[in-house]
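Chain residues, written in single-letter form:
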Amino acid sequence: MPGFSMDAAAEQRFNVNLSILFTELPLLERPAAAAAAGFTAVELWWPWVDSPTPERAELDALKKAIEDAGVQLTGLNFYAGQLPGPDRGALSIPGEESERFRANIDVAADFAQSLGCGALNALYGNRVEGVDPAAQDELALENLVPAARAADRIGAVLLIETLNKPESPLYPLVTAPAGIAVVDKVNEATGLGNAKFLMDLYHLSMNGEDLPSVIDRYAAKTGHVQIADNPGRGAPGTGSLPLEELLGRLHKQGYEGWVGLEYKPGDRPSAEAFEWLPAEARAAR
């Protein structure tokens, strides 16, 4: 499988998403597994899908596992419902789900702060049948404002992510401009300027977007990047996306943030899904 050249890889700061890679292991064993594969940074979806406010002991155990592994937590999702599963976030869902999102805001922010994590991702949530989309958008902004303030309190950015329509047909943010519009709305409402775009090159490519154009237009508003190849959402080199070239373009546009590896390992252990990336380029510089 073709891999990244050392020169191209050396321009990037990679982190491993432990909610899609190393999932063959229990959660508390994944940070050490990422470290054993040569990585020094990790990110997570909200790990407790049934609880926006888990017991302190659960939070402490995960914190200890991350610290003991010697890896840096660089990104964390706010509570997002059943993910993986049918849900795509909670903050625009009227009733109990958006209440759970609000209950999670400070819990997630405090946990992120305890590990020096600088990015919190707020998944927007699916459209709900029988609910006016405008009402959902209003509720979303009401919930994103305190989320942005909590992120600001800990010196972090708030991320807004674009997903893809084939896999998330009820999710309204399925173009880069739609994601950017929400980023701009949140920044306008808070005056903080810490809402940023999460540019997921896999989702954008599934939507058929012109990736070089998206990079050129929105690199300056991008706070995090995630990658997987297309088709298949596998490791770079398993599909046809020119990921090395696209990340190089991002770098030229001034993006110096993290690149999250958010891909499926395929039918092999996750530890074997990194051969595309030279071992000496895995530790973040």
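The structure this text deals with has already been given above.
Residues numbered from 1 in each chain as written. Predicted model: local features only at pLDDT ≥ 70, side-chain atom pairs only at ≥ 80, totals over all residues. Heavy atoms only, no water.

Participant: Any chance you could break down the overall build of the protein chain for me, citing the residues and the numbers?
Facilitator: A tally of helices and strands in the protein chain yields 9 helices and 8 strands. Computed over its C-alpha atoms, the radius of gyration of the protein chain comes to 18 Å, within 12% of the 19 Å expected for a compact globule of 285 residues. When its C-alpha atoms are laid out on the principal axes, the protein chain stretches across 50 × 45 × 35 Å. Sorting the 285 residues of the protein chain into buried and exposed places 53% on the buried side. When the accessible surface of the protein chain is split by element, carbon and sulfur atoms take 52% of a total near 11,500 Å². For the protein chain, the centre of its 23 positive side-chain charges and the centre of its 40 negative side-chain charges are spaced 3 Å apart. (Helix = DSSP H or I, 4+ residues; strand = E, 2+ residues; numbered from the N terminus. Rg over C-alpha atoms; globule rule 2.2 N^0.38 Å. Buried < 20%, exposed > 50% of the residue type's maximum accessible area, 1.4 Å probe, protein only. Areas by Shrake-Rupley, 256 points an atom, 1.4 Å probe, with all protein chains shown as cover. Lys, Arg positive; Asp, Glu negative; His and termini not counted. Charge placed at Lys NZ, Arg CZ, Asp CG, Glu CD.)

Participant: Give me the lowdown on the packing of helix α8 (residues 211-218) against helix α9 (residues 243-252), citing residues and values where you can.
Facilitator: Where α8 meets α9, the closest approach of the two axes is 9 Å, and the angle between their N-to-C directions is 20°. Comparing their axes, α9 and α8 come out roughly parallel. Our pair here, α8 against α9, has a crossing hand that is right-handed. Contact with α8, carried on its side by Leu211, Pro212, Ile215 and Asp216, involves Leu246, Arg249 and Leu250 of α9 and no other residues of that element. For the contact of α8 with α9, the per-class residue count stands at 5 nonpolar, no polar and 2 charged. (Axes fitted to C-alpha atoms, helices over the stretch in contact; angles between N-to-C directions. Parallel < 35°, antiparallel > 145°, perpendicular 65-115°, else oblique. Left-handed = near helix turned anticlockwise from the far one by under 90°. Contact = heavy atoms within 4.5 Å. Nonpolar A, V, L, I, M, F, W, Y, C, P; charged D, E, K, R; others polar.)

Participant: Report on empty space enclosed by the protein, specifying residues and quantitative values.
Facilitator: Taken as a whole and judged by the stated rule, the model has 1 cavity of 30 Å³ or more. Within this model, the largest cavity holds a volume of roughly 40 Å³. If you go around the largest cavity, the residues you meet are Tyr124, Asp137, Ala140, Leu141, Leu144, Val182 and Lys185. Those elements giving two or more residues to the lining of the largest cavity turn out to be α5 (133-153) and α6 (176-190). A per-element tally of the lining of the largest cavity places α5 first, with 4 residues. Tallied by class, residues from the lining of the largest cavity come to 5 nonpolar, no polar and 2 charged. (1 Å grid on protein atoms, 1.4 Å probe; cavity = no way out; pocket = protein on both sides within 12 Å on 5 of 7 lines; lining within 4 Å. Points joined across faces, edges and corners; volume = space filled by probe spheres on them.)

Participant: With reference to specific residues and values, describe unusual backbone geometry.
Facilitator: With an omega of 5°, the peptide bond running from Leu83 to Pro84 counts as cis. Within the secondary structure, Pro84 is located in the loop between β3 (72-77) and α4 (96-114). The phi dihedral of Phe22 falls on the positive side, at around 65°, and the residue is not glycine. Classification of Phe22 as buried rests on a relative accessible area of 2%.

Participant: Explain α5 to me, using residue names and the numbers behind them.
Facilitator: Taking 1.5 Å per residue, 21 residues should reach 30 Å; α5 reaches 30 Å between its end C-alpha atoms and fits that length. When we look at burial in α5, the residues that qualify are Gln136, Leu139, Ala140, Asn143, Leu144, Val145, Ala147, Ala148, Ala150 and Ala151. Summarising the contacts, the buried residues of α5 are in contact with α4, β4 (119-121), β5 (157-161) and α6. Residue Asp132 occupies the N-cap position of α5, its side-chain oxygen lying 3.0 Å from the main-chain nitrogen of Ala134. Downstream of α5 by a residue or two, Gly155 has a phi angle that is positive, lying close to 75°. (Expected span 1.5 Å × (residues − 1). Polar contact = N/O pair within 3.5 Å; in protein donor to acceptor, adjacent residues only side chain to side chain.)

Participant: Outline the sheet that holds strand β1 (residues 13-17), listing residues and values.
Facilitator: Sheet architecture is closed into a barrel: 8 strands sit in the order β1-β2-β3-β4-β5-β6-β7-β8, paired in parallel fashion. Within this sheet the neighbouring strands show an average axis-to-axis angle of 30°, counted without direction. Sheet analysis places β3 next to β4, joined by 2 bridges and oriented parallel. Note on β4: the bridge partner recorded for Leu76 is Leu120. Contacting β1, β6 (195-200), β7 (222-227) and β8 (258-261), α9 crosses the sheet at an angle of about 170° to β7. (Pairing = 2+ DSSP bridges.)

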